[in-house]
Amino acid sequence: YSKQVDPIALREAIKSALETRPFSSKGKGLKIKEWAQVSVKPPFFVFEVNDKELVHFSYERYLANCLREAFGFYGTPIFLKFRQYFRNSKS
């Protein structure tokens, strides 16, 4: 419940989950650009994605279960937030 996940281990777990089961909807592929654990008690993860409208609840549950399995968060609520990724445009 109060575990802070190592960023390198988190990167490996997320990359493995994305390679195992990529997600696409409406002819577009979901791309997760950045991710981080932002708090503990309970574990809270933020993902920056190319289009947050593409995130289906089943894929969110899949990612939560991958994190639960990889880091032993059994019986612990895990919160995920998906934010729209915006590139800084140079003018």
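What counts, and where the lines are drawn
- Residues numbered from 1 in each chain as written.
- Predicted model: local features only at pLDDT ≥ 70, side-chain atom pairs only at ≥ 80, totals over all residues.
- Heavy atoms only, no water.
- Core = buried A, V, L, I, M, F, W, Y, C linked by side-chain atoms within 4.5 Å.
- Buried < 20%, exposed > 50% of the residue type's maximum accessible area, 1.4 Å probe, protein only.
- Helix = DSSP H or I, 4+ residues; strand = E, 2+ residues; numbered from the N terminus.
- Contact = heavy atoms within 4.5 Å.
- Phe/Tyr/Trp six-rings, centres within 6.5 Å; stacked < 30°, edge-to-face > 60°.
- Lys NZ or Arg CZ within 6 Å of the ring centre and 35° of its normal.
- Pairing = 2+ DSSP bridges.
- Axes fitted to C-alpha atoms, helices over the stretch in contact; angles between N-to-C directions.
- Polar contact = N/O pair within 3.5 Å; in protein donor to acceptor, adjacent residues only side chain to side chain.

## Quick word on the nonpolar core
Moving on, step 1. With 23 residues, the main nonpolar core has Phe 45, Phe 47, Leu 63, Leu 67 and Leu 80 as its most contacted residues.
Moving on, step 2. Where this core is concerned, the elements lending two or more residues are α1 (7–20), β4 (44–49), α2 (57–71) and β5 (79–84).
Moving on, step 3. No other element matches α2, which puts six residues into this core.
Moving on, step 4. Contact partners of Leu 63, with chain neighbours within four places excluded, come to Ala 17, Ile 32, Leu 80 and Phe 82.

## So, the packing of aromatic side chains
We describe a pair of aromatic rings using the distance from one ring centre to the other and the angle between the two ring planes.
Moving on, step 1. Enumeration over the complete set of coordinates arrives at six aromatic pairs.
Moving on, step 2. Centroid distance Phe 45 to Phe 73: 6.5 Å. Interplanar angle 70°. Geometry classified as edge-to-face. Within this pair, whereas Phe 45 is found in strand β4, its partner Phe 73 is found in the loop between α2 and β5, the two being separated by 28 residues in sequence. Both residues of the pair, Phe 45 and Phe 73, count as buried.
Moving on, step 3. An aromatic cluster of at least three residues, connected via ring pairs, comprises Phe 23, Tyr 59 and Tyr 62.
Moving on, step 4. Above the plane of the ring of Tyr 62 lies Arg 21, whose end atom (NZ or CZ) is 4.7 Å from the centre.

## Here's the deal with the pairing of strand β3 (residues 32–39)
Moving on, step 1. Inspection of the sheet shows β3 paired to β4 by six bridges, in the antiparallel sense. Bridge assignment links Ser 39 to a residue of β4, and that residue is Phe 44.
Moving on, step 2. Connecting β3 to the antiparallel partner β4 that follows it, the hairpin turn spans four residues, and Lys 41 within it adopts a positive phi of roughly 55°.

## Looking at the sheet that holds β3
Moving on, step 1. Spatial strand order, β3-β4-β5: three strands in an open sheet with mixed pairing. The open sheet has two free edges, formed respectively by β3 and β5, since each of these has just one partner strand. When strand polarity is set aside, the average angle formed by the axes of neighbouring strands in this sheet is 20°.
Moving on, step 2. Each of β3 and β4 touches α1; the most contacted strand, β3, lies at about 135° to it.

## Here we look at the side chain of Asp 51
Moving on, step 1. Inspection of the secondary structure puts Asp 51 in the loop between β4 and α2.
Moving on, step 2. On the basis of relative accessible area, Asp 51 is assigned to the buried category, the value being 17%.
Moving on, step 3. Among the polar contacts made by the side chain of Asp 51, one reaches the main-chain amide nitrogen of Glu 53 at a distance of 3.1 Å.
Moving on, step 4. When residues no more than four places from it in sequence are discounted, the contact partners of Asp 51 are Lys 28, Leu 30 and Gln 84.

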